[in-house]
Amino acid sequence: RVRIMTIHGAKGLESPIVWLLDANAAEARKSGYDVVLEWPADADAPKHFSLMGSYGRRGRARKHIFESEELAARRENLNLLYVALTRAEQIFIASGIESRRTAPEESPYQKLARALNGGSDEKSHGAVFGDMPYAKEICSDESEQTVVAPLARQPLLNVGTRRERLSDSVGQAFGRQLHAWLEAVTQGLPQPKLMPEFARTVPQAARRILDKPDLKRFFDPAQYVQAGNELSFVGGDGLTGRIDRWVDTGDALWVLDYKSGNADSAAQYREQLAVYVRAMQAVWPGRVIKSMLIFTDGNEIVLD
């Protein structure tokens, strides 16, 4: 689940991942035509009151008032950035578009980047990036900037910018299309529109799975008690996951995970399926939970 809110609205809340959007935006230009007011909190009356026309023609007599207001605004912006940072339980991400209007000290992104560049520990600059598989998907093109902070493990980590935008691999795109196709078929929904390059291969892979005799019991409603697709969950460690399909056959609850390729790659998914099994056990204590990898070549492997 994704929640979109202002920083003010997020006060008092926490999430595993917090993404600060548009963090490099320049502040809106002030047009002027405002009231200039200097009224200390402990004073009974204002010390100064006047009207301002053009923002560029403020005059020297009121300079100290404007400087004081700008200092208070910078302090408030820092307070807001602190609130945003501390909403993240595990990962904080700040991203934004480069702007010629943004002065180096203005935007939250520039403040974070400056803090990163001033660090003395190399591990806070990206040496741990290779150890963070979840961060490898976060990228940017030459006009976009991203900063990632794995708060529970290291100081701020600067992912930086890249020249090209990394697109999903063919395997990832195929997997998403296959999942959508299988979900529609098993729920009796209209078949989704497929990308042209997968218009033939996705239905073929789906039929190899759905028509295999050993797998019929997981897709034929007459042979199971209940089932569901694309089940999202949050584990006890705060990490999120999504189960492709679960099926209650009466004697056991099955966790099914679709994978591109063949059974030769099964070993690398064992821990992932173990996490899914633990999540199901938390919901159905006492039930027998089993897991199975189902590959697009029609083969399957029971892991639990």
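Predicted, not measured: the structure shown is a model, and the values here were computed from it.

S.K.: Teacher, can you tell me more about helix 3 (residues 170-186) here?
M.R.: An α-helical segment advances 3.6 residues per turn. Residues three or four places apart therefore align on the same side. In a regular helix each residue adds 1.5 Å, so 17 residues correspond to 24 Å; helix 3 covers 24 Å between its end C-alpha atoms and thus fits that length. Listed as buried for helix 3 are Ala-173, Phe-174, Gly-175, Gln-177, Leu-178, His-179, Trp-181, Leu-182, Ala-184 and Thr-186. Of the surrounding elements, those touching the buried residues of helix 3 are helix 4 (201-210), strand 7 (226-234), strand 8 (240-248) and strand 9 (253-259). A positive phi of about 70 degrees marks Gly-188, the residue just after helix 3.

S.K.: I tried to follow the packing of aromatic side chains on my own but got confused; where do I start?
M.R.: Any pair of aromatic rings gets described here by the distance separating the centres and the angle formed by the planes. For the coordinates displayed, the defined rule picks out 4 aromatic pairs. With 5.7 Å between their ring centres and 85 degrees between their planes, Phe-233 and Tyr-276 make a pair best called edge-to-face. Of the two residues, Phe-233 sits in strand 7 while Tyr-276 sits in helix 5 (residues 270-283), which places them 43 residues apart along the sequence. Of the two residues, Phe-233 and Tyr-276, both sit in the buried class. Note on Trp-246 and Trp-284: the rings are 5.3 Å apart at their centroids and 45 degrees apart in plane angle, and the pair reads as tilted.

S.K.: What is the right way to look at the nonpolar core in this model?
M.R.: General note: in soluble globular proteins, nonpolar side chains tend to be found buried as a group. Judged by nonpolar contacts, the single largest core of 23 residues is most densely connected at Phe-218, Phe-219, Leu-256 and Ile-294. Among the secondary structure elements, those contributing two or more residues to this core are helix 3, helix 4, strand 9 and strand 10 (289-295). What Phe-219 contacts, discounting residues up to four positions off in sequence, is Thr-186, Ile-209, Leu-210, Tyr-224, Arg-245, Leu-256, Tyr-258 and Ile-294. If you look at the next biggest cluster of nonpolar residues, it comprises 16 residues, including Leu-273, Val-277, Ala-279 and Leu-303.

S.K.: Explain the sheet that holds strand 10 here, please?
M.R.: Each strand in a sheet pairs with its neighbour through backbone hydrogen bonds, running either in the same direction (parallel) or in the opposite one (antiparallel). Reading across the sheet, the 5 strands line up as 7-8-9-10-11 and stay open at both edges, with mixed pairing between neighbours. Each edge of the open sheet is held by one strand with a lone partner, namely strand 7 and strand 11 (300-302). Taking each pair of neighbouring strands and ignoring which way they run, the sheet shows an average axis angle of 30 degrees. Two strands pair when backbone bridges link them, and strand 9 and strand 10 are joined in this way by 7 bridges, in the parallel orientation. Across the sheet, Tyr-258 pairs through a bridge with Ile-294, a residue of strand 10. Each of strand 7, strand 8 and strand 9 is contacted by helix 3, which is oriented at about 135 degrees to strand 7, the strand it contacts most.

S.K.: What exactly am I supposed to notice about helix 5 here?
M.R.: With 14 residues, helix 5 should cover 20 Å at 1.5 Å per step; its first-to-last C-alpha distance of 20 Å lies within 8% of that length. Considered for burial, the residues of helix 5 that qualify are Leu-273, Ala-274, Tyr-276, Val-277, Ala-279 and Met-280.

S.K.: Just to check I follow, could you spell out the pattern of salt bridges for this structure?
M.R.: As a working rule, side chains carrying opposite charge can pair if their charged atoms are close by. Across all of its chains, the model carries 6 salt bridges by this definition. In this structure, the salt-bridge partner of Lys-259 is Asp-257, at a minimum N-O distance of 2.9 Å. Accessibility classification places Lys-259 together with Asp-257 in one group, the buried group.

What counts, and at which threshold
- Residue numbers run consecutively from 1 along every chain, following the written order of its sequence.
- Restriction of local features to residues with pLDDT of at least 70 applies here, the model being predicted, together with a cutoff of 80 or more for giving and counting side-chain atom pairs; totals for whole chains, interfaces and linings are based on all residues.
- Only heavy atoms go into the side-chain values, all of them from the structure, while hydrogens and water stay out.
- Helical segments are the DSSP runs of H or I of at least four residues, strand segments are the runs of E of at least two, and each set is numbered from the N terminus.
- Here, expected helix span is obtained from the residue count minus one, scaled by 1.5 Å.
- Any residue under 20% of the maximum accessible area for its type is buried, any over 50% is exposed, and the rest in between are partly exposed; the area is computed with a 1.4 Å probe on protein chains only.
- Residue contacts are defined here by distance: any two heavy atoms, one from each residue, within 4.5 Å place the two residues in contact.
- A pair of Phe, Tyr and Trp rings is counted when the ring centres sit within 6.5 Å of each other, with Trp represented by its six-membered ring. The angle between the planes then sorts it: under 30 degrees is stacked, over 60 is edge-to-face, the rest tilted.
- Note on terminology: a nonpolar core comprises buried Ala, Val, Leu, Ile, Met, Phe, Trp, Tyr and Cys residues joined through side-chain atoms within 4.5 Å.
- Here, strands pair whenever DSSP counts at least two bridges between them.
- Each axis is a line fitted through C-alpha atoms, taken for helices only over the stretch in contact, and angles between the N-to-C directions span 0 to 180 degrees.
- We define a salt bridge as a contact between a side-chain nitrogen of Lys or Arg and a carboxyl oxygen of Asp or Glu at a distance within 4 Å.

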